[in-house]
Amino acid sequence: MGAVQAQDYAAAKWGVAMRTEGLSEADLDRAFESGAILRTHVMRPTWHFVTPADIRWLLGLTAARVNAASAYYYRRLELDDKVFGRSKAVLEKALQGGQYFTRTELGAILQEAGINPQDLLRLAYLIERAELDAVICSGPRRGKQFTYALLDERAPHARALDHDEALGELTQRYFTGHGPATVQDFAWWSGLTISDAEVGLEMAASQLTCEVIDEQTYWYSASMPVAPGPSPAVYLLPNFDEYIIGYKDRRAAFDKHHTKMGNPRDNIVFNHTILIDGRVTGTWKRSFKKGQLLFAARPFANLSAAEEDALASAIRRYGKFYGMPVTLA
């Protein structure tokens, strides 16, 4: 996959588990606590899960674009290279030796050093910039609170690639993990320019194959299975799942009669969705109460008996992920 969007930590864990065999929530939590999975701002200005081996070259390739997207807020919050340089030095000193601090604690440390966080937004950009400059990344959680650690200590064996190597690697990862997709989809997902995306595609083209549909070229891995799986195939997608958020053009996944695609606040990508045979056919919610998982499904239309059975199986798998019995609400 290359990276998995992860501003909603719980949802992103399920997004990873769906694409594996037998992983539980506890397994994903242990991987995160140990640093086998890291969470940082990379590519578009949002958090992603990445591996320690990939974090440095991903940041090297995409951080400049994220900084450009954040330039307005840097100016508005009076954050320049001098302020960022001082704040990164303070954070690096505070976190040395395997120390982990929450965002609130880092704000207090910056304040004591004479760098005024001013408000939560300014503090967020100070920390984000330190992430983008490969100074800090996620540390283990403290209870339910997230902490930060030094990237050099959390990922000491992170690979460093030059620009062209990194561009070719990310391009291949994207089209292998997300294909069939277009160059416009890749540019959206990575945050790179169309020009860079096209160059990356030229580098990776020998390891990919393509197909033209309605005058649009779609690229994907040559080893991708072409035979359809058993139908109906039902998946419970978390919000911001890569199946939807990983593409600029998402029309193929939706029925326009069921989905509002215009207003971002109504956009279904912000919901947990039910996927049947590749199309979004409903939404779902879950909550926890007294050791039980309460699950509510809202299909957009009546389901067939086979679809109902497949949905029930998907719900059981979701309950198994949490190790809890499921009660339908």
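Rules behind the numbers
Residues numbered from 1 in each chain as written. Predicted model: local features only at pLDDT ≥ 70, side-chain atom pairs only at ≥ 80, totals over all residues. Heavy atoms only, no water. Helix = DSSP H or I, 4+ residues; strand = E, 2+ residues; numbered from the N terminus. Rg over C-alpha atoms; globule rule 2.2 N^0.38 Å. Buried < 20%, exposed > 50% of the residue type's maximum accessible area, 1.4 Å probe, protein only. Contact = heavy atoms within 4.5 Å. Areas by Shrake-Rupley, 256 points an atom, 1.4 Å probe, with all protein chains shown as cover. Lys, Arg positive; Asp, Glu negative; His and termini not counted. Charge placed at Lys NZ, Arg CZ, Asp CG, Glu CD. Pairing = 2+ DSSP bridges. Axes fitted to C-alpha atoms, helices over the stretch in contact; angles between N-to-C directions. Parallel < 35°, antiparallel > 145°, perpendicular 65-115°, else oblique. Nonpolar A, V, L, I, M, F, W, Y, C, P; charged D, E, K, R; others polar. Salt bridge = Lys/Arg side-chain N within 4 Å of Asp/Glu carboxyl O. Phe/Tyr/Trp six-rings, centres within 6.5 Å; stacked < 30°, edge-to-face > 60°. Lys NZ or Arg CZ within 6 Å of the ring centre and 35° of its normal.

Observations regarding the overall build of the protein
Scanning the protein from N- to C-terminus turns up 13 helices and 13 strands. Since a compact globule built from 329 residues should have a radius of gyration of about 20 Å, the 21 Å found for the protein is in line with a globular shape. For the protein, the C-alpha atoms occupy an extent of roughly 65 × 55 × 40 Å along the three principal directions. Counting over 329 residues, the protein shows a buried share of 47%. Excluding contacts between residues fewer than 6 apart, the proportion of contacts in the protein whose partners are at least 24 apart in sequence is 63%. As displayed, the protein has an accessible area near 16700 Å², and 52% of this comes from carbon and sulfur atoms. Taking the average location of the 37 positive side-chain charges in the protein and that of its 39 negative ones, the two points are 8 Å from each other.

Things to note about the sheet that holds strand S1 (residues 4–5)
Read from one edge of the open sheet, 3 strands run S1-S3-S2, paired in antiparallel fashion. Edge strands, defined here as strands with exactly one partner in the open sheet, are S1 and strand S2 (38–41). Examined bridge by bridge, S1 and strand S3 (residues 47–50) share 2 bridges and lie antiparallel to one another. Pairing of Gln5 across the sheet is with His48, part of S3. Set on the sheet, helix H7 (residues 120–132) makes contact with S2 and S3; between it and S2 the angle comes to about 110°.

Concerning the sheet that holds strand S9 (residues 234–237)
Adjacent strands of a sheet form backbone hydrogen bonds with each other and so pair up, either parallel or antiparallel. Spatial ordering of the open sheet is given by S9-S10-S11-S12-S13, a layout of 5 strands whose pairing is mixed. Each of the sheet's edge strands pairs with one partner strand only, and the pair in question is S9 and strand S13 (326–328). Taking the axes of each pair of neighbouring strands and ignoring which way they run, one obtains an average angle of 35° across the sheet. Each of S9 and strand S11 (279–289) is contacted by helix H1 (residues 9–18), which is oriented at about 155° to S9, the strand it contacts most. Against the sheet, helix H13 (residues 305–322) engages S9, strand S10 (273–276), S11, strand S12 (292–299) and S13, with an angle of about 45° to S9.

Let's talk about the packing of H1 against helix H2 (residues 25–34)
Interhelical geometry of H1 versus H2 gives an angle of 110° and a closest axis separation of 10 Å. Considered as vectors, H1 and H2 are oriented roughly perpendicular to each other. Taking contact as the criterion, the partners of Tyr9, Lys13, Val16 and Ala17 in H1 are, on H2, Glu25, Leu28, Asp29, Phe32 and Glu33. Partitioning the contact of H1 with H2 into residue classes produces 5 nonpolar, no polar and 4 charged.

Notes on helix H10 (residues 183–190)
The buried fraction of H10 amounts to 6 of the 8 residues, a majority that puts the element mostly inside the structure. Of the surrounding elements, those touching the buried residues of H10 are helix H3 (55–69), helix H9 (163–178), helix H11 (194–204) and helix H12 (242–245). Backbone geometry just after H10 places Gly191 at a positive phi near 80°.

What about the packing of H3 against H9?
At a minimum axis distance of 10 Å, the contact between H3 and H9 shows a crossing angle of 100°. Between H3 and H9, the crossing angle belongs to the class labelled roughly perpendicular. Together, Trp57, Leu58, Leu61 and Thr62 of H3 and His163, Ala166, Leu167, Glu169, Leu170 and Arg173 of H9 make up the contact between the two elements. Each residue belonging to the contact of H3 with H9 can be placed in one class, and the counts come to 6 nonpolar, 2 polar and 2 charged.

Let's talk about the pattern of salt bridges
Considering all chains together, one arrives at 16 salt bridges under this definition. Taking the shortest distance from any N to any O, the salt bridge between Arg142 and Glu105 comes out at 2.7 Å. Residue Arg142 is located in the loop between strand S5 (136–138) and strand S6 (147–150), and its partner Glu105 is located in helix H6 (residues 103–112); the two are separated by 37 residues in the primary sequence. You can call Arg142 partly exposed: its relative accessible area is 35%. Of the charged contacts, one joins Arg129 and Asp133 as a salt bridge, the two residues approaching to 3.0 Å between their closest N and O atoms. Among the charged side chains, a salt-bridge network with shared partners connects Lys13, Glu25, Asp29, Glu33 and Arg141.

Brief notes about the packing of aromatic side chains
Under the defined criterion, the tally for this structure stands at 22 aromatic pairs. Here the aromatic rings of Tyr318 and Tyr322 are separated by 5.2 Å at their centres, their planes lie at 75°, and the arrangement is edge-to-face. Of this pair, Tyr318 and Tyr322 both sit in helix H13, separated by 4 residues, roughly a single helical turn. Of the residues examined, Tyr322 reaches a relative accessible area of 11% and is grouped as buried. In this structure, Arg39 is placed above the aromatic ring of Phe146, and the distance from its NZ or CZ to the ring centre is 4.5 Å.

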